[in-house]
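# Summary of structural features
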Amino acid sequence: MKCKYCDQIFLEDVDIGLNYFHHVKINHYDLLTDDDKMIHDIREKMIKSKKEYETLKKKIGDSDLIFNQKNMDVK
Ligand SMILES: [Zn+2]
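A few words now on the overall build of the chain. Helices and strands together make up the secondary structure of the chain, namely two helices and zero strands. For the chain, with 75 residues in total, the buried portion stands at 0%.

What follows is the structure, given as structure tokens:
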């Protein structure tokens, strides 16, 4: 897949969407139309909230583990 705005080629793999997304953000954000910018921003928020959710899930999982550990110590 070739970039819409420059000659950079993106290899077809599972991360292509994310790689291309970051490439456009870093290199071509000013070239996007207002509509494209809006879609880009929404997508970025979705990616960010997904990451935050996974981080949060991990944190909760970890604190659960610590909590259970403490309970075991009390017994
Ligand atoms: Zn490009």
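Moving on to the environment of D41. Along the chain, D41 falls in helix α2 (residues 34–74). The class of D41 is partly exposed, set by 13 C-beta atoms lying within 10 Å. Between the alpha carbons of D41 and K25 there is a distance of 9.5 Å; along the sequence they are 16 residues apart.

Parameters and conventions
- Residues numbered from 1 in each chain as written.
- Predicted model: local features only at pLDDT ≥ 70, side-chain atom pairs only at ≥ 80, totals over all residues.
- Helix = DSSP H or I, 4+ residues; strand = E, 2+ residues; numbered from the N terminus.
- Buried ≥ 20, exposed ≤ 12 C-beta atoms within 10 Å, placed from the backbone.

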